[in-house]
Amino acid sequence: MTQELDLKRYIRHVPDFPKPGILFYDISTLLRNADAWQVATGRLARAIAPWQPDLLAGIESRGFLTAAPIATRLGCGFTMLRKPGKLPGETVTLTYDLEYGSDSLAIQADAVKPGQRVVVLDDLLATGGTLAASVQLLRKVGAEVVGASVLIELENLGGRRKIDVPLHTLISYES
């Protein structure tokens, strides 16, 4: 598989989903193409490796799809950032503001050892609220957040400005 493979060819655009006026970037078409998915995870792994993470944190739920296989490739651990009530044991929760309302993320209290180097991953960066909250939550449990990575960034929504760690984007769109 050539390094010049254009991964945008494997992202389906779904207009008016989940509601009218929204253009949804569907990664399921990338995931189900074995060659394109191998190239995508390889590129992400190469970008993340220099940060020397001990642990990758995936944001529910599509962030799990990228973080878990890349953790395997890099030989590091994996943890989940989930909606409250979805993780067993003691958890730490962070509530954060979105453009219209608020949301919450939780992590198991013992998921990160103090000072562990963590990279947080998600499928898409839009306005940045969830990714920024994830960085804050990881710091709250003692992580040294050394970077963040996403499959897709919607550049014109300005989410990157909310992220205060190095950010790697695999695919960018203007809208």
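No experiment lies behind these values; they were computed from the predicted model shown.

*Asks:* Would you mind showing me how to read the packing of aromatic side chains here?
*Replies:* Any two aromatic rings considered together are summarised by their centre-to-centre distance and by the angle between their planes. With the rule as written, the count across this model stands at three aromatic pairs. Here the aromatic rings of Phe17 and Phe24 are separated by 5.2 Å at their centres, their planes lie at 85°, and the arrangement is edge-to-face. Residue Phe17 is classed as partly exposed on the basis of its relative accessible area of 42%. With a centroid separation of 6.2 Å and 80° between ring planes, the pair formed by Phe64 and Phe78 is classed as edge-to-face. Linking Phe64 in helix α3 (residues 62–74) with Phe78 in strand β4 (residues 77–81), this pair joins segments that are 14 residues apart in sequence.

*Asks:* Looking at this structure, how should I read the pattern of salt bridges?
*Replies:* Side chains carrying opposite charge are able to pair once their charged atoms draw close together. Counted according to the given criterion, the structure contains seven salt bridges. The salt bridge partner of Arg12 is Asp26, with a shortest N-O separation of 2.7 Å. Residue Arg12 is located in strand β1 (residues 12–15), and its partner Asp26 is located in strand β2 (residues 23–26); the two are separated by 14 residues in the primary sequence. Close ionic contact of Arg139 with Asp164 constitutes a salt bridge, the shortest N to O distance being 2.9 Å. Note that Arg139 is positioned in helix α4 (residues 129–140) and Asp164 in the loop between β8 (144–154) and β9 (167–173), a separation of 25 residues in sequence.

*Asks:* Would you explain the nonpolar core in this entry?
*Replies:* In globular proteins that are soluble, nonpolar side chains generally tend to be buried together. The biggest cluster of nonpolar side chains holds 29 residues, and the ones touching the most others in it are Leu7, Ile11, Leu30, Leu56, Leu151 and Ile152. Breaking this core down by element, the ones donating at least two residues are α2 (34–48), α3, β7 (117–125), β8 and β9. For this core, the element with the most residues is α2, which contributes seven residues. The residues touching Leu7, leaving out its near neighbours within four places in the chain, are Leu30, Ala36, Val39, Ala40, Arg43, Leu170 and Ile171.

*Asks:* Would you mind showing me how to read the environment of Ala106 here?
*Replies:* With respect to the helices, strands and loops of the structure, Ala106 is situated in strand β6 (residues 101–108). For Ala106, a relative accessible area of 2% puts it in the buried group. Between the C-alpha atom of Ala106 and that of Leu170, which follows or precedes it by 64 residues, the distance is 26 Å. Apart from residues no more than four positions distant in its own chain, Ala106 is found in contact with Met80, Leu81, Arg82, Pro84, Leu87, Thr91, Val92, Thr93 and Leu137.

*Asks:* Even after reading the chapter, I still don't get α2, so can you show me in this structure?
*Replies:* Since the α-helix advances by 3.6 residues per turn, residues separated by three or four positions end up pointing in the same direction. Relative to the 21 Å expected for 15 residues at 1.5 Å per residue, α2 spans 21 Å between its end C-alpha atoms, a close match to the ideal helical length. Within α2, burial applies to Ala36, Trp37, Val39, Ala40, Thr41, Gly42, Arg43, Leu44, Ala45 and Ile48. At its buried positions, α2 is contacted by α1 (28–31), β3 (55–59), α3, β7, β8 and β9.

*Asks:* Any chance you could explain the packing of α2 against α3 here in plain terms?
*Replies:* Packed helix pairs are specified by the crossing angle of their axes together with the interaxial distance, meaning the distance between the axes. It is at 9 Å that the axes of α2 and α3 come closest, and there the two elements cross at 65°. When the axes of α2 and α3 are compared, the pair comes out roughly perpendicular. Read as a crossing pair, α2 and α3 show a hand that is right-handed. The segment α2 lies against α3, with Trp37, Gln38, Thr41, Gly42, Leu44, Ala45 and Ile48 engaging Leu65, Thr66, Pro69, Ile70, Arg73 and Leu74. For the contact of α2 with α3, the per-class residue count stands at eight nonpolar, four polar and one charged.

Cut-offs used in this document
Residues numbered from 1 in each chain as written. Predicted model: local features only at pLDDT ≥ 70, side-chain atom pairs only at ≥ 80, totals over all residues. Heavy atoms only, no water. Phe/Tyr/Trp six-rings, centres within 6.5 Å; stacked < 30°, edge-to-face > 60°. Buried < 20%, exposed > 50% of the residue type's maximum accessible area, 1.4 Å probe, protein only. Helix = DSSP H or I, 4+ residues; strand = E, 2+ residues; numbered from the N terminus. Salt bridge = Lys/Arg side-chain N within 4 Å of Asp/Glu carboxyl O. Core = buried A, V, L, I, M, F, W, Y, C linked by side-chain atoms within 4.5 Å. Contact = heavy atoms within 4.5 Å. Expected span 1.5 Å × (residues − 1). Axes fitted to C-alpha atoms, helices over the stretch in contact; angles between N-to-C directions. Parallel < 35°, antiparallel > 145°, perpendicular 65-115°, else oblique. Left-handed = near helix turned anticlockwise from the far one by under 90°. Nonpolar A, V, L, I, M, F, W, Y, C, P; charged D, E, K, R; others polar.

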